Amino acid sequence: MVCRHCVQALREILAELGVEPVEVGLGYALLSCDFLPDEVLAALDCRLAEEGFQRITDADDRVVQQVKDAVIHHVRSEDECRLKLSVCVERHIGMAYESASRIFSAREGRTIEKYAIAMRVEWVKELLAYRQYSVAEIADRTGYSSAAHLSRQFKSVTGLTPTQFLESGTPRRSLAEV
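Residues numbered from 1 in each chain as written. Predicted model: local features only at pLDDT ≥ 70, side-chain atom pairs only at ≥ 80, totals over all residues. Heavy atoms only, no water.

A. Seen up close, the overall build of the chain. Tallying secondary structure elements over the chain gives nine helices and two strands in all. Ordering the α and β elements of the chain from the N terminus gives α-β-β-α-α-α-α-α-α-α-α. Considering only C-alpha atoms, the chain reaches an extent of 55 × 35 × 25 Å along its principal axes. In the chain, buried positions account for 37% of the 178 residues. Across the chain, the fraction of contacts at a sequence separation of at least 24, relative to all contacts at a separation of at least 6, is 48%. Carbon and sulfur atoms make up 50% of the accessible area of the chain, which totals about 10200 Å². With 22 positive and 27 negative side-chain charges, the chain shows a spacing of 9 Å between the two charge centroids. (Helix = DSSP H or I, 4+ residues; strand = E, 2+ residues; numbered from the N terminus. Buried < 20%, exposed > 50% of the residue type's maximum accessible area, 1.4 Å probe, protein only. Contact = heavy atoms within 4.5 Å. Areas by Shrake-Rupley, 256 points an atom, 1.4 Å probe, with all protein chains shown as cover. Lys, Arg positive; Asp, Glu negative; His and termini not counted. Charge placed at Lys NZ, Arg CZ, Asp CG, Glu CD.)

The structure is reproduced here in structure tokens:
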């Protein structure tokens, strides 16, 4: 789960199934009961899959999700994006970056850094689509050292410059695909 829309989708799924959460946040739902019947878990898994989510049942998957949440926080927070990625990840998950990186790479087939770049480019796409900011302003908001650096990285990931992206009308990818 990567955004407030994902949190809302999970709330709606739980409500459909008659499960009342105490709290729902990015990557988790805290329930008032200790367990759910197997048929409710099966229905939950099915509905989550329909929305592009899955229930986390293993410790390494939990680490991967925590890393993803930390990366999203790093990318989306103007203050955090000025920090080194490794510092931000360690702060948010309470685990050595090297250990988290090893687990993440094994499970995801890419490094945390590559994931962070993909997430930052998706954030840039979103800001470009608003058409409220110049590329230089977006570069500053998203932690790039310059508009030129943003443009080079954007093109290396998407194959398009930011201007070409806007002119093409290319939709943003689902964050589940990132």
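There is more to say after this.
B. Just helix H5 (residues 97-108), in detail. Under the 1.5 Å per step criterion, the end-to-end length of H5 is 16 Å for twelve residues, consistent within 8% with the ideal 16 Å. Where H5 is concerned, the buried positions are Tyr97, Ala100, Ser101, Ile103 and Phe104. Lining the buried residues of H5 we find helix H3 (59-76), helix H4 (85-93) and helix H6 (112-130). A positive backbone phi angle near 75 degrees is found at Gly109, which sits one or two residues after H5. (Expected span 1.5 Å × (residues − 1).)

C. Molecular detail of the environment of Ala100. Counting through the fold element by element, Ala100 comes out in helix H5. Of the residues examined, Ala100 reaches a relative accessible area of 0% and is grouped as buried. Residues Ala100 and Gln66 lie 34 residues apart in sequence; the distance between their C-alpha atoms is 9.3 Å. Non-local contacts of Ala100, meaning those with residues more than four positions away in its chain, are made with Val63, Val67, Ile93, Met95 and Ile112.

D. Highlighting unusual backbone geometry. Here Arg131, not a glycine, exhibits a phi torsion of approximately 55 degrees, which is positive. Tracing the backbone through its elements, the reader meets Arg131 in the loop between H6 and helix H7 (135-141).

E. How the structure looks around the packing of aromatic side chains. Evaluation of the coordinates by the stated rule reveals two aromatic pairs. Taking the centre distance of 5.6 Å and the plane angle of 75 degrees together, the rings of Phe154 and Phe165 count as edge-to-face. Residue Phe154 is located in helix H8 (residues 147-158), and its partner Phe165 is located in helix H9 (residues 162-168); the two are separated by eleven residues in the primary sequence. For Phe154, a relative accessible area of 1% gives the class buried. We note Arg120 situated over the ring of Tyr144; from NZ or CZ to the ring centre the distance is 5.4 Å. (Phe/Tyr/Trp six-rings, centres within 6.5 Å; stacked < 30°, edge-to-face > 60°. Lys NZ or Arg CZ within 6 Å of the ring centre and 35° of its normal.)

F. Looking closely at the pairing of strand E1 (residues 21-25). Judged from the four bridges that link them, E1 and strand E2 (residues 28-31) form a sheet pairing that is antiparallel. What sits directly across from Pro21, in E2, is Leu31. A loop of two residues connects E1 with E2, the two strands running antiparallel in sequence, and Gly27 in this loop sits at a positive phi of about 85 degrees. (Pairing = 2+ DSSP bridges.)

G. A look at the pattern of salt bridges. Per the stated rule, a full pass over the model turns up ten salt bridges. A salt bridge links Asp60 to Arg107; the nearest nitrogen and oxygen atoms lie 3.5 Å apart. With Asp60 in helix H3 and Arg107 in helix H5, this residue pair connects regions lying 47 residues apart in the sequence. Looking at Asp60, the relative accessible area reads 30%, which means it is partly exposed. (Salt bridge = Lys/Arg side-chain N within 4 Å of Asp/Glu carboxyl O.)

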